Amino acid sequence: QVQLVESGGGLVQAGGSLRLSCAASGSIFSINAMGWHRQAPGKQRELVAVITSSDSTNYADSVKGRFTISRDNAKNTVYLQMNSLKPDDTAVYYCAADARTSIRTSVRRYWGQGTQVTVSS
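Residues numbered from 1 in each chain as written. Predicted model: local features only at pLDDT ≥ 70, side-chain atom pairs only at ≥ 80, totals over all residues. Heavy atoms only, no water.

**Some thoughts on the side chain of Thr77**
Defined as follows: What counts as a helix is a DSSP run of H or I of at least four residues, what counts as a strand is a run of E of at least two, and both are numbered from the N terminus. Each polar contact in these results corresponds to two N or O atoms within 3.5 Å; when the atoms are within protein, one needs to be able to donate a hydrogen and the other to accept it, and residues that are neighboring in sequence are counted only if both atoms are side-chain atoms. By definition, residues are in contact when any of their heavy atoms lie within 4.5 Å.
Of note, Thr77 is situated in strand β8 (residues 77-82). For Thr77, the side chain forms a polar contact with the main-chain oxygen of Lys75, separated by 2.9 Å. The contact partners of Thr77, leaving out residues within four places of it in the chain, are Cys22, Ala23, Ser70, Arg71 and Asp72.

What follows is the structure in structure tokens.
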């Protein structure tokens, strides 16, 4: 199994910044894409940003130019730098990793437990 542990959430004023981290551990053979999703109250979970093993990135239109995703493959860790935060960014942020636990297993998606980000106006 693969465990994902997020950190870095909290309360920040509009215009402020936060940096989320997500470390993967456990029986990891390989990790393909890693990403961040978020879910606001009463809304569906949505993709925020994703980064592949070759460092290609993709962002939701709502965060382009404000958020930056990066990863440290040696540490199996993905980061999300969030700048110019808005109240609409308030949500629980979930880390996800598409990983394999051995050469014989297929890739599956693993999720973290989520970290709350609250942006006050």
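Here the narrative resumes, following the displayed structure.
**Here's the deal with the packing of aromatic side chains**
We count it as follows: Stacked, tilted and edge-to-face are the three classes assigned to paired rings of Phe, Tyr and Trp, where Trp is represented by its six-membered ring and a pair needs centres within 6.5 Å; plane angles under 30 degrees give stacked, over 60 edge-to-face, the rest tilted. Counted as over-ring charges are cases with an Arg CZ or a Lys NZ within 6 Å of the ring centre that also lie within 35 degrees of the ring normal.
Counted by the stated rule, this structure contains zero aromatic pairs. For the cation-ring pair, Arg19 lies above Tyr79, with the distance from its terminal atom to the ring centre recorded as 4.1 Å. Positioned over the ring face of Tyr94 is Arg45, at 3.7 Å from the centre of the ring.

**Some thoughts on the sheet that holds strand β1 (residues 2-7)**
What counts, and what does not: In this description, strands pair whenever DSSP reports at least two bridges between them. Between N-to-C directions, angles cover 0 to 180 degrees, with each direction set by a line fitted to C-alpha atoms, over the stretch in contact for helices.
In spatial order, the strands read β1-β3-β8-β7; together these four strands make up an open sheet with antiparallel pairing. Of all strands in the sheet, those with a lone pairing partner are β1 and β7 (67-72), marking the two edges. Taken over all neighbouring pairs, the strand axes of this sheet differ in orientation by 15 degrees on average, direction set aside. Bridge analysis of β1 against strand β3 (residues 18-26) gives six bridges, and the strand direction is antiparallel. The residue of β3 that forms the bridge with Gln3 is Ser25.

**Describing the pattern of salt bridges**
What counts here: We count a salt bridge whenever a side-chain nitrogen from Lys or Arg sits within 4 Å of a carboxyl oxygen from Asp or Glu.
Taken as a whole and assessed by the stated rule, the structure comprises five salt bridges. Between Arg38 and Asp89 there is a salt bridge; the shortest N-O distance is 2.9 Å. Here Arg38 is found in strand β4 (residues 30-39), whereas its partner Asp89 is found in the loop between β8 and β9 (91-100), with 51 residues between them in sequence. One salt bridge in this structure joins Arg66 and Asp89, with 2.8 Å as the shortest N-O distance. With Arg66 in the loop between β6 (57-59) and β7 and Asp89 in the loop between β8 and β9, this residue pair connects regions lying 23 residues apart in the sequence.

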